[in-house]
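# Geometric and topological summary
Here is how the chains run, residue by residue.
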Amino acid sequence: MLRIEHLGIAVKDLSVSLPLYEQLLNTPCYKQEVVETEGVSTAFFRTGESKIELLEATNENSPIAKFIAKKGEGIHHVAFEVENIEAEMKRLAALGFELLNTTPKNGADNKLVCFLHPRTTNGVLVELCQEKR
Ligand SMILES: CC[C@H](C(=O)O)C(=O)SCCNC(=O)CCNC(=O)[C@H](O)C(C)(C)COP(=O)(O)OP(=O)(O)OC[C@H]1O[C@@H](n2cnc3c(N)ncnc32)[C@H](O)[C@@H]1OP(=O)(O)O
Ligand SMILES: [Co+2]
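Attention in this report is confined to the structure presented alongside it. All figures in this text were calculated on a predicted structure; none of them were measured in a lab.

If you check the shell around ligand 1, you find 20 residues, and the closest are Glu-38, Glu-53, His-76, Ala-108 and Glu-127. Lys-71 is positioned with one of its side-chain polar atoms (N or O) 3.4 Å from an oxygen atom of ligand 1. For ligand 1, the accessible surface in isolation is 1100 Å², of which the surrounding protein chains cover 72%. More than half of the atoms belonging to ligand 1 lie within 2 Å of the grid points that define the largest pocket. The element contributing the most residues to the shell around ligand 1 is helix 2 (residues 63-71), with 5 residues. For the shell around ligand 1, a count of residues per class yields 8 nonpolar, 6 polar and 6 charged.

Structure, rendered in structure tokens:
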């Protein structure tokens, strides 16, 4: 059974949103990390079994910049934890889900990740996450 690893939220300015979410969740951000290959600066909060990942664009070509320009700030993606990301990618591709990367790529928080195109998941950007071993 897939566990929700994190909910990704696109924000314009982490310096505003990070303290806001610390107040909202009544817990400190436990990690901030830039993933330049994704064009994102992230901030993580633990919420029970899952996490909240705030994402700010690091450049104008970032998917987060494009998303905010089009839809404004808000929920950007849902990430599921998987045991074996390559096996899950193969399973889901065979079922017709569109993989946005053909091999696992480096994510934040020590993960390997793969994204599924929202047009194959009822409009929700889905991320698969496997802990790096
Ligand atoms: C990896 C670090 C970190 C982690 O957890 O470890 C992250 O989570 S990084 C997160 C940022 N990286 C990504 O999002 C990578 C995957 N995303 C993409 O490849 C693109 O953003 C893509 C393909 C989803 C959309 O890019 P495109 O250039 O095609 O943008 P468009 O605006 O033309 O979108 C096409 C179509 O998709 C809809 N869309 C776009 N983003 C989302 C979204 N987040 N959720 C739902 N739908 C989305 C957009 O509205 C367009 O639909 P249309 O009906 O044509 O308007
Ligand atoms: Co994510």
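Where a metal carries four tetrahedral donors, each ideal angle is 109.5 degrees; where it carries six octahedral donors, the ideal angles are 90 or 180 degrees. Taken together, His-6 (NE2), Glu-53 (OE), His-77 (NE2) and Glu-127 (OE) make up the protein donors of the cobalt ion (ligand 2), found 2.1 to 2.4 Å from the metal. For the cobalt ion (ligand 2), the 6 donor atoms are set out with angles of 79 to 173 degrees between them, so the coordination reads as octahedral. One chain supplies every donor to the cobalt ion (ligand 2), and in sequence these donors are spaced H-x46-E-x23-H-x49-E. Of this pair, His-77 sits in strand 5 (residues 74-81) while Glu-127 sits in strand 8 (residues 126-131), and the two are 50 residues apart along the sequence. A single burial state applies to His-77 and to Glu-127, both of which are buried.

Here is what the cut-offs are and how they apply
- For every chain, the first residue of its written sequence is number 1, and the numbers climb from 1 along that sequence.
- The order in which chains are written sets their letters, starting at A; the order in which ligands are written sets their numbers, starting at 1.
- Only residues with pLDDT of at least 70 are given local features in this predicted model, and only at 80 or more are side-chain atom pairs given and counted; all residues enter the totals for whole chains, interfaces and linings.
- As a rule here, side-chain values cover all heavy atoms of the structure and leave hydrogens and water aside.
- By convention in this text, a residue qualifies as near a molecule or strand provided that one of its non-hydrogen atoms is within 4 Å of it.
- In protein, a polar contact means a hydrogen-donor-capable atom and an acceptor-capable atom, both N or O and within 3.5 Å, with residues adjacent in sequence counting only if both atoms are side-chain atoms; elsewhere, any N or O pair within 3.5 Å suffices.
- Methods summary: accessible areas were calculated by the Shrake-Rupley approach with a probe of 1.4 Å, and residue burial reflects only the protein chains presented.
- Think of a 1 Å grid over just the protein atoms. A cavity is a set of points where a 1.4 Å probe fits yet cannot get out, a pocket is an open set with protein on both sides within 12 Å along at least five of seven lines, and lining residues have an atom within 4 Å of a point.
- What decides whether a molecule sits in a cavity or pocket is whether more than half of its atoms lie within 2 Å of the grid points.
- A helix here means a DSSP run of H or I that spans at least four residues, while a strand means a run of E at least two residues long, and both kinds are numbered starting from the N terminus.
- In this classification, the charged set is Asp, Glu, Lys and Arg, the nonpolar set is Ala, Val, Leu, Ile, Met, Phe, Trp, Tyr, Cys and Pro, and all remaining amino acids, among them Gly, are polar.
- Each metal's donors are the N, O and S atoms within 2.8 Å of it, or within 3.2 Å when it is Na, K or Ca, and because water is not part of the set, sites may look incomplete.
- A four-donor site is classed as tetrahedral when every donor-metal-donor angle falls between 85 and 135 degrees; four donors are called square planar, and six octahedral, when trans pairs exceed 155 degrees and all remaining angles lie between 65 and 115, with any other arrangement labelled irregular.
- Classification of residues uses two cut-offs on accessible area relative to the type maximum, computed with a 1.4 Å probe and protein chains only: under 20% is buried, over 50% is exposed, and between them is partly exposed.

Shape descriptors only; they carry no functional weight alone.
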